[in-house]
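As a plain string of letters, each chain reads:
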Amino acid sequence: MNILDQLAEYSRLRVAEDKKKISLEEMKNIAIQMKNEKLCDFAFEKTLKKDGLSFICECKKASPSKGLIEPDFRYLEIAREYEAAGADCISVLTEPKWFLGSDEYLKEIAKTVSIPCIRKDFTVNEYQIYQAKTLGAAAVLLICSILSEEQLGEYIKICDSLGISALVEIHDEKEAGMAVRAGARIIGVNNRNLKDFTVDTANSRKLRDLIPDDIIFVSESGVKSTDDIRAIREIGADAVLIGETLMRADDKKAKLDELRLS
């Protein structure tokens, strides 16, 4: 199995273990109750619709390709820095094995900041969508490479029922068509191939014309410089997701300012 297959298989094992603690029906009821208690207005996608390029800044401790990124993972401090620096949304890794993420990171960050958070994980079961809602996520990641078109459409509808957004991630032309047909309102092109973790920032440019203008377009991963940001602006992207570049910056506010003002 490639890395993505391993990540998806481990997600299935995690879901099975989580269901032993809280059943699907219980998790669904908790999520629905939270919807009824709070105003659900699809804050994540509304934020990305603003004029200009939006910045989704990522909190992650490690990755399969780079290993440990920040041993002293000051996730709440990092989230506050991002918000103070003008980030529009925050992406929080919750995958525990390869990314050393945690549901608690998301839960605490969502309570701490006022900007929308997306749960960055490998969604393979509807359970994880309801779970994300209970953790405070305003959006979830749905990766076309590990889902069928039928699952994708079903999961988008579940997100809609909870008032949260789905960032549908694609890697090639086939997945672009799949995402559009399934009803995605936000499509992200991952410039990193999750099967071998090679990076090609031209992937966003290659797939841009396949995405209708009324769908929010996000360029994900591999963004390192102001030149990268200018290229992303040129293709008419609505948002960019930046992870490692910001995580490795000593002064995250200064780095984000540099990228935002480029």
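Criteria and cut-off values
Residues numbered from 1 in each chain as written. Predicted model: local features only at pLDDT ≥ 70, side-chain atom pairs only at ≥ 80, totals over all residues. Heavy atoms only, no water. UniProt positions renumbered as here; feature names shortened; annotations may be inferred. Salt bridge = Lys/Arg side-chain N within 4 Å of Asp/Glu carboxyl O. Helix = DSSP H or I, 4+ residues; strand = E, 2+ residues; numbered from the N terminus. Buried < 20%, exposed > 50% of the residue type's maximum accessible area, 1.4 Å probe, protein only. Axes fitted to C-alpha atoms, helices over the stretch in contact; angles between N-to-C directions. Parallel < 35°, antiparallel > 145°, perpendicular 65-115°, else oblique. Left-handed = near helix turned anticlockwise from the far one by under 90°. Contact = heavy atoms within 4.5 Å. Nonpolar A, V, L, I, M, F, W, Y, C, P; charged D, E, K, R; others polar. Arc of directions from axis to C-beta. Pairing = 2+ DSSP bridges. Right-handed = clockwise from strand over helix to strand, strands pointing away.

Per an unreviewed UniProt entry, the recorded name for the protein is Indole-3-glycerol phosphate synthase, and the organism is Agathobacter rectalis. The annotation that UniProt attaches to the protein under Catalytic activity (unreviewed entry) is "1-(2-carboxyphenylamino)-1-deoxy-D-ribulose 5-phosphate + H(+) = (1S,2R)-1-C-(indol-3-yl)glycerol 3-phosphate + CO2 + H2O". What the UniProt record of the protein gives under Pathway (unreviewed entry) is the line "Amino-acid biosynthesis; L-tryptophan biosynthesis; L-tryptophan from chorismate: step 4/5."

> Before we move on, could you go through the pattern of salt bridges and cite the residues and values that matter?
Following the criterion strictly, the structure yields 21 salt bridges and no others. Between Glu45 and Arg185 there is a salt bridge; the shortest N-O distance is 2.8 Å. Separated by 140 residues along the polypeptide, Glu45 in helix H3 (residues 43-48) and Arg185 in the loop between helix H8 (173-181) and strand S8 (186-190) bring together distant segments of the chain. Classification of Glu45 as buried rests on a relative accessible area of 6%. Residue Arg185 is classed as partly exposed on the basis of its relative accessible area of 33%. A salt bridge links Asp88 to Lys50, with the shortest nitrogen-to-oxygen separation between them at 3.8 Å.

> Residues and numbers for the packing of helix H4 (residues 75-84) against helix H5 (residues 103-112), please.
One can describe the packing of H4 onto H5 by two numbers: an axis separation of 10 Å at closest approach and a directional angle of 40 degrees. As the angle between them shows, H4 and H5 are arranged oblique. Here H4 and H5 pass one another in a crossing that is right-handed. On the side of H4, the interface is formed by Tyr75, Leu76, Ala79 and Arg80, while H5 contributes Tyr105, Glu108, Ile109 and Thr112. Its residues placed into classes, the contact of H4 with H5 shows 5 nonpolar, 1 polar and 2 charged.

> Give a description of H5 that names residues and reports values.
Restricting attention to buried positions, one finds in H5 the residues Tyr105, Leu106 and Ile109. Relative to the axis of H5, the buried residues are bounded by an arc of 95 degrees and lie together on one face.

> Describe the sheet that holds S8, naming the residues involved and giving the relevant values.
Sheet strands associate in pairs through backbone hydrogen bonding, adopting either a parallel or an antiparallel arrangement. Here 8 strands make up a closed barrel; going around it, the order is S1-S4-S5-S6-S7-S8-S9-S10 and the pairing parallel. For this sheet, the mean angle separating the axes of adjacent strands, direction not counted, is 25 degrees. Judged from the 3 bridges that link them, strand S9 (residues 216-220) and strand S10 (residues 239-242) form a sheet pairing that is parallel. Residue pairing in the sheet places Glu220 in a bridge with Leu241 of S10.

> Describe unusual backbone geometry, listing the residues and the values that go with them.
Not every positive phi belongs to a glycine, and Phe42 is a case in point at roughly 55 degrees. Inspection of the secondary structure assignment puts Phe42 in the loop between helix H2 (24-37) and H3. Residue class for Phe42 comes out partly exposed when judged on its relative accessible area of 23%. Unusually for a residue other than glycine, Ser221 sits at a positive phi of about 75 degrees.

> Could you give an account of the pairing of strand S7 (residues 165-170), naming the residues involved and the relevant values?
In terms of burial, S7 is largely enclosed, as 6 of its 6 residues are buried. Of the two faces of S7, both are covered, the one formed by Ser165, Leu167 and Glu169 as well as the one formed by Ala166, Val168 and Ile170. Pairing of strand S6 (residues 139-143) with S7, which is carried by 5 bridges, proceeds in the parallel orientation. Note that in S7 the partner of Ile143 across the bridge is Glu169. Following the chain from S6 across helix H7 (residues 149-162) to the adjacent parallel S7, one finds a crossover that is right-handed. Bridge analysis of S7 against S8 gives 4 bridges, and the strand direction is parallel. By the bridge assignment for S8, Leu167 is matched with Ile186. In this region the chain leaves S7, passes through H8 and returns to the parallel neighbour S8; the handedness of that crossover is right-handed.

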